Each structure stands twice: as C-alpha cells, then as structure tokens.
Amino acid sequence: MLLKLYHCNMQTKCGVSLMQKILSVLLLILCSAWLVRAQAQPLKVAFCDGDRAPYVLRNETGGLTGLDVEYWSALLENMRRLAGVSNVSEDLRNVLRQPPVVTVMPQKALLQQLKQQLYDIAFCAIQVDLDLSNFVDFSLPYATAGYQGVVIKQDSPIDGMTVLQQAFGTSNAWALFSLLLLVILSIIFAHLIWIVERKDNPNINKYYGPGVFDSWWLGIVTAMTVGYGDKVPVTVQGKILTIAWMFAGTYCVGMFGAAVTSTFVNSQNLSYLPPADKLLQIQKVTDLDGYRLGTSSVIAKHFLEQQLLNSTVLVYENVTNLLSALVNQTIDVAVDETWTVRWLLQNDPTFKDNNLIQVGDVFEHRPRVIAIGRPGYDVDKVYHLVQVAQSDLMYGTGELNYKLLLEKWLKASVKTTPSTYIDRFDKALMRWCIIYMIGLGIFMVLWGLFVIWHYWNEIKQSRIRFGLLRSMGLGLKFRCLLR
C-alpha cells in the first residue's frame, strides 16, 4: 500500500515538472519573439556626397539638402502613412516607425557598398545599370536627366574687315568656273561677230584688234542684259549669232549670280564661323566630332565612344574637376549631366563668372531612380511599399507637392541661351553701316570743299561778272557776253 502511494506521488511530481518545463519553453519563445520584434533594425539609408547637386548637396550649416533629400522625406512620410492602412507585416511597421540611419559617402563608395548589400535604400541620382541590378532593385523614376555639352563662351571680335569678308564670302569654285566660261565664250563670240559684221557694220572696226574689242563689248553688254544700244549687229548672220549668245551669256551670268548668292547664304553656316563661335552652335551629338571631350561619367564616355566620333574622351573624377579642365582649356567641350552642370554654373562662384555655357540639345535621356535592397529581411514588401508610396506621391495625393519639388530643384535652373554669331554679326553690320555712312558723309563734305577750293578763282570771277551785270542794269541774257 505504501509502495503504491509513493509511486503515485512520484508521477504527480513528474507531471508538474514536465508542465513547468513546457511553460518555460513557451515563455522563452514568446520573449524571444518580442525581443526580436522590439529589436527590429531601422532602415539604413545612404546618400552620396560631392558633386551631385541639385540632387544631394550641403546647405550653409553643413546638413544635407537637395532634390533627393527632400524627395526621401516626402516618400518616407508617405510610406509610414500607407503602412498604417495597408496589409503589411507588423515587423515592417516597426521598422518604419524608427528614424532611419542615414549615411553619407562618396558616390563610388556608395555604389560599391550597394553591391555588398549594406544598405536598404540609396539616393545618388542613380541610373538604371545592368551590373548594379544584380544586387539591388530599382524604384520608379522620380526624375529624368541627360547629357549636355558645356563650352567657354568666347565671342570673336567682328570688325569692319570681318564684315567685308563676310559680305564677299570665301572663294567659290562654281563662281570662278562660270566667270571663266563667260569670258571664254564671249571671246569666241567676239571673233565670230567681227568676221560677219566688219564689212557692213559701221560700229564695228574693220581692223582686227579694235574690231574684236568692239565685238567683245557687244557680247558683254548683251550677256549682262544692259543693252546700251551703241553697238548692235546689222547682218542676218550677226543677229542669229547674237540670239544664240543671249542664251549662252544669260546662262553663264545666271550661274555666276547663283554661285555668289549661295556663297553669301552659306557664309552664315557653321563651316564659315570662327572656331570659338562654332562651339556655341553645337546642337547634336554628331556636332562634337573633332573636339577634345571630357566627362565625369563612365556611362557618358561609353555613349560618346559608341557614336564613332573622331574625338578623344577624357574621364575626370567629378564634375568640378571636369569644369576646371574646361576653364583651363585642357578640353574643348565638357559633356555631363545637364541638371548638375546647370546648377553649378548658376550657383557655384568658382564657375559662375567663367563664361561657361551649356549648348545644344540634351541627349541620351536617362531616368533617375532609387536603389532598393533589404538584405535578409522582407525584401519584396519593402520594394512593393516603396513603389506604392512613389506612385501615390507622384501621381496621387502628393502630386502637387512633387511638382513643386521638381520646380524648386530642376525647373528653376533655366538654361541660358547664348547669342549666335549671326545675331552678333547683324548688330555689328548695323554698327559698321552707321560708321560707313558717317565716313561717306565726311568724305562728301571734304570733296565739296575741295571742289570749291579748286574752282575758287572761277567762282570769284563769276561773282564779279554777275556784279558788273547788275551794276550796269543788264539782264541775265547779257551774261554770256562776259564769259
């Protein structure tokens, strides 16, 4: 009996001990889960530092500002709001409730650490890159930018000689050919006319030298459609020859006029511009051919090399070094991201007064995106939440604020349009026209004074004669008597 009671008591104690162990394990699991949830790591956000204005730059106090910084603030607020009303995990909500850990580093280091998946979200005006896509996801584009050329604005001087050279143009082979053809055909025509007209035409000298010259004069006057009428053919043969010469001469003169006109029109094209002004007329990528190029982007370098330009392309560490090389004339054209360069030209005192100007169209447009990586934790949900928050921010409830943000950092930096060589030439032409008119007026006055001085004695004698006639009471009809 006692043995049975002892055995029952031992089973009861064992049952209680087992229950305690089970409860302890469950409590430990619950505490561990709570601790894991409570210790959820905040978002690790990276921004690049350096020449990435207006995307990321330092303000007067040393803090971060720019398009990317303000866009991230609005996006994070939108993500927190959407996380509270959408079906996301409690863990992700806990992550978003915590202030993100922000790290600032150079662009190259940031891209390298993105490949090591050390950050959740990264901003640096990032472009979609095939190599980088193996390590991170890309968000929706929040801005679009491309590459644009930058040159030194050096207005070449336009003096009076330049105006005259531009007016007459450069040598033209067609003009020279048509003029030579006119002279050769007119000489042949002169000989033929002299042969058929020398015996019957009193206006054509019968001797060879003077006669051929008279006939040549007739041919030139006819070809130029002047038609003095002092020398005309009188024989039937001469008239037939002259009719044929009218067509041939008019053709030669017309060809000469067309060649001269085309030269004048083409004198306003790029091939006739001074070298400094040709740079200001760059519009397309193909216009960069033959120049020394520089860029701070490897992607831009690859793009320029794919265009098969007859140009050398140098890569600089950052945009500041690139623009400094342009100022020092190490390169002819700097090609880089349009918004960054424009911001520096308008706000950086180093380059603001160096006559640097953007030229041509923006080419190779590329979207700016956010790099998203969530190593080992809820990758898809973070990516999805960023996409939804971006869509709502840019096209939904936050669209107005998003447009104001772009207006503040991008659209406000207006491109400066350089004055073209043609505009400056027109102004110089008007200025020199006024100078030539003043010079002509002075010449006419001096000429008139010279004429008066040359004929001063005759004028004095004429005045004396008129005085005598008036004193004698004779009329003007007797004036001829005193000449």
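Keep in mind it's a predicted model, so treat the numbers as computed, not measured. (Residues numbered from 1 in each chain as written. Predicted model: local features only at pLDDT ≥ 70, side-chain atom pairs only at ≥ 80, totals over all residues. Heavy atoms only, no water.)

Some points on the packing of aromatic side chains
Right, on to step 1. Counting across every chain of the model gives 13 aromatic pairs.
Right, on to step 2. Consider the rings of tryptophan 432 and tyrosine 436, whose centres lie 5.9 Å apart with planes at 40°: the pair is tilted. Taken together, the residues span about one helical turn, with tryptophan 432 and tyrosine 436 both in helix H16 (residues 421-454) at a distance of 4 residues.
Right, on to step 3. On the basis of relative accessibility, which here comes to 21%, the residue tryptophan 432 falls in the partly exposed class.
Right, on to step 4. Three or more aromatic residues link up through ring pairs in this structure, and these residues are Phe47, Trp72 and Phe123.
Right, on to step 5. In this structure, arginine 198 packs its charged tip against the face of tryptophan 194, placed 4.9 Å from the ring centre. (Phe/Tyr/Trp six-rings, centres within 6.5 Å; stacked < 30°, edge-to-face > 60°. Helix = DSSP H or I, 4+ residues; strand = E, 2+ residues; numbered from the N terminus. Buried < 20%, exposed > 50% of the residue type's maximum accessible area, 1.4 Å probe, protein only. Lys NZ or Arg CZ within 6 Å of the ring centre and 35° of its normal.)

Here's the deal with the pairing of strand S10 (residues 333-337)
Right, on to step 1. Counted residue by residue, S10 has 5 buried out of 5 residues, so it is predominantly covered.
Right, on to step 2. The pairing of strand S7 (residues 143-152) with S10 spans 4 bridges and is antiparallel. By the bridge assignment for S10, glycine 149 is matched with valine 335.
Right, on to step 3. Bridge analysis of strand S8 (residues 292-295) against S10 gives 2 bridges, and the strand direction is parallel. The partner of glycine 294 across the bridge, within S10, is alanine 334. (Pairing = 2+ DSSP bridges.)

Details of the pattern of salt bridges
Right, on to step 1. Inspection of the entire model under this criterion finds 13 salt bridges.
Right, on to step 2. When the shortest N-O distance is used, the salt bridge between aspartate 131 and lysine 115 registers 2.8 Å. Taken together, the residues span a long stretch of sequence, with aspartate 131 in the loop between strand S5 (121-127) and strand S6 (137-138) and lysine 115 in helix H4 (residues 107-115) at a distance of 16 residues.
Right, on to step 3. Salt-bridge contacts for lysine 231 lead to aspartate 214; the nearest nitrogen and oxygen are separated by 3.7 Å. (Salt bridge = Lys/Arg side-chain N within 4 Å of Asp/Glu carboxyl O.)

Thoughts on the environment of isoleucine 331
Right, on to step 1. For isoleucine 331, the location among the structural elements is in the loop between helix H11 (319-327) and S10.
Right, on to step 2. A C-alpha to C-alpha distance of 9.9 Å links isoleucine 331 and threonine 295, two positions 36 residues apart in sequence.
Right, on to step 3. Residues contacting isoleucine 331, with those up to four places away along its chain left out, are Arg292, Leu293, Gly294, Leu314, Tyr316, Leu322, Ala325 and Leu326. (Contact = heavy atoms within 4.5 Å.)

A short note on the side chain of aspartate 120
Right, on to step 1. Within the secondary structure layout, aspartate 120 lies in the loop between H4 and S5.
Right, on to step 2. Take aspartate 120: its relative accessible area is 2%, and that puts it in the buried class.
Right, on to step 3. A polar side-chain atom of aspartate 120 sits 2.7 Å from the main-chain amide nitrogen of lysine 44. (Polar contact = N/O pair within 3.5 Å; in protein donor to acceptor, adjacent residues only side chain to side chain.)

Observations regarding the pairing of strand S11 (residues 356-372)
Right, on to step 1. Where S5 and S11 come together, 4 bridges link them in antiparallel fashion. Within S11, the position partnered with glutamine 127 by the bridge is arginine 368.
Right, on to step 2. As paired strands, S6 and S11 are joined by 2 bridges and run antiparallel to one another. Each bridged residue has a counterpart across the sheet, and for phenylalanine 138 the counterpart in S11 is alanine 371.
Right, on to step 3. The pairing of S7 with S11 spans 8 bridges and is classified as antiparallel. Paired with tyrosine 147 across the strands is phenylalanine 363, a residue of S11.

Observations regarding the environment of proline 42
Right, on to step 1. Within the fold, proline 42 resides in the loop between helix H1 (2-38) and strand S1 (44-49).
Right, on to step 2. Taking relative accessible area as the criterion, proline 42 reaches 15% and is therefore assigned buried.
Right, on to step 3. Taking the C-alpha atoms as reference points, proline 42 and glutamine 98, separated by 56 residues in sequence, lie 5.7 Å from one another.

Section: the state of the cysteines
Right, on to step 1. Taken as a whole and judged by the stated rule, the model has 1 disulfide.
Right, on to step 2. The residue that forms a disulfide with cysteine 48 is cysteine 124, at a sulfur-sulfur distance of 2.1 Å. Measuring handedness by torsion sign, the sulfur bridge of cysteine 48 and cysteine 124 sits at about 95° and is right-handed. Taken together, the residues cysteine 48 in strand S1 and cysteine 124 in strand S5 connect sequence positions 76 residues apart. (Disulfide = S-S within 2.5 Å.)

As for helix H7 (residues 208-223)
Right, on to step 1. The end-to-end C-alpha distance of H7 is 22 Å, a good match for the 22 Å that 16 residues give at a rise of 1.5 Å each.
Right, on to step 2. Along H7, the positions that sit buried rather than exposed are Gly211, Val212, Asp214, Ser215, Leu218, Gly219, Ile220, Val221, Thr222 and Ala223.
Right, on to step 3. Where H7 ends, the next residue or the one after it, threonine 225, has phi of about 60°, a positive value. (Expected span 1.5 Å × (residues − 1).)

Looking at the nonpolar core
Nonpolar side chains in soluble globular proteins generally cluster together in the buried interior.
Right, on to step 1. Core analysis: the largest hydrophobic core is formed by 55 residues, its most contacted members being Leu67, Tyr71, Trp72, Leu75, Leu110, Ile126 and Tyr142.
Right, on to step 2. With 9 residues, the top contributor of residues to this core is helix H2 (residues 67-85).
Right, on to step 3. With residues up to four places along the chain from it excluded, the contact list for tyrosine 71 reads Phe123, Tyr142, Ile370, Gln390, Leu393, Met394, Tyr402 and Leu405.
Right, on to step 4. Within the second largest apolar cluster, 19 residues are counted, among which are Val151, Leu279, Val285 and Phe303. (Core = buried A, V, L, I, M, F, W, Y, C linked by side-chain atoms within 4.5 Å.)

Structural notes on the confidence of the model for the protein
Right, on to step 1. Per-residue confidence for the protein gives a mean pLDDT of 81; residues scoring 70 or more make up 81%.
Right, on to step 2. Highest mean pLDDT in the protein belongs to S8 (94); lowest belongs to H1 (49).
Right, on to step 3. Here residues 1-14 is modelled with pLDDT under 50, and outside its nearest four sequence neighbours on either side it reaches 0 contacts, counting other chains as well. (pLDDT = per-residue confidence, 0-100.)

Here we look at the packing of helix H6 (residues 173-197) against H7
Right, on to step 1. It is the contact of H6 with H7, at a shortest axis distance of 8 Å, that shows an interaxial angle of 125°. In terms of axis orientation, H6 runs oblique to H7. The interaxial crossing formed by H6 with H7 has right-handed handedness. For the pair formed by H6 and H7, the contact residues are Leu182, Ser186, Ile187, Phe189, Ala190, His191, Ile193 and Trp194 on the first element and Tyr208, Gly211, Val212, Ser215, Trp216, Leu218, Gly219, Ile220 and Ala223 on the second.
Right, on to step 2. Classifying every residue of the contact of H6 with H7 by side-chain character gives 12 nonpolar, 5 polar and no charged. (Axes fitted to C-alpha atoms, helices over the stretch in contact; angles between N-to-C directions. Parallel < 35°, antiparallel > 145°, perpendicular 65-115°, else oblique. Left-handed = near helix turned anticlockwise from the far one by under 90°. Nonpolar A, V, L, I, M, F, W, Y, C, P; charged D, E, K, R; others polar.)

Points about unusual backbone geometry
Right, on to step 1. Following alanine 53, the chain continues to proline 54 via a peptide bond in cis, the omega torsion being 0°.
Right, on to step 2. Mapped onto the fold, proline 54 is located in the loop between S1 and strand S2 (57-58).
Right, on to step 3. Residues other than glycine seldom take positive phi values, yet glutamine 329 does so here, at roughly 60°.
Right, on to step 4. Among the secondary structure elements, glutamine 329 is positioned in the loop between H11 and S10.
Right, on to step 5. Since its relative accessible area comes to 44%, glutamine 329 is described here as partly exposed.

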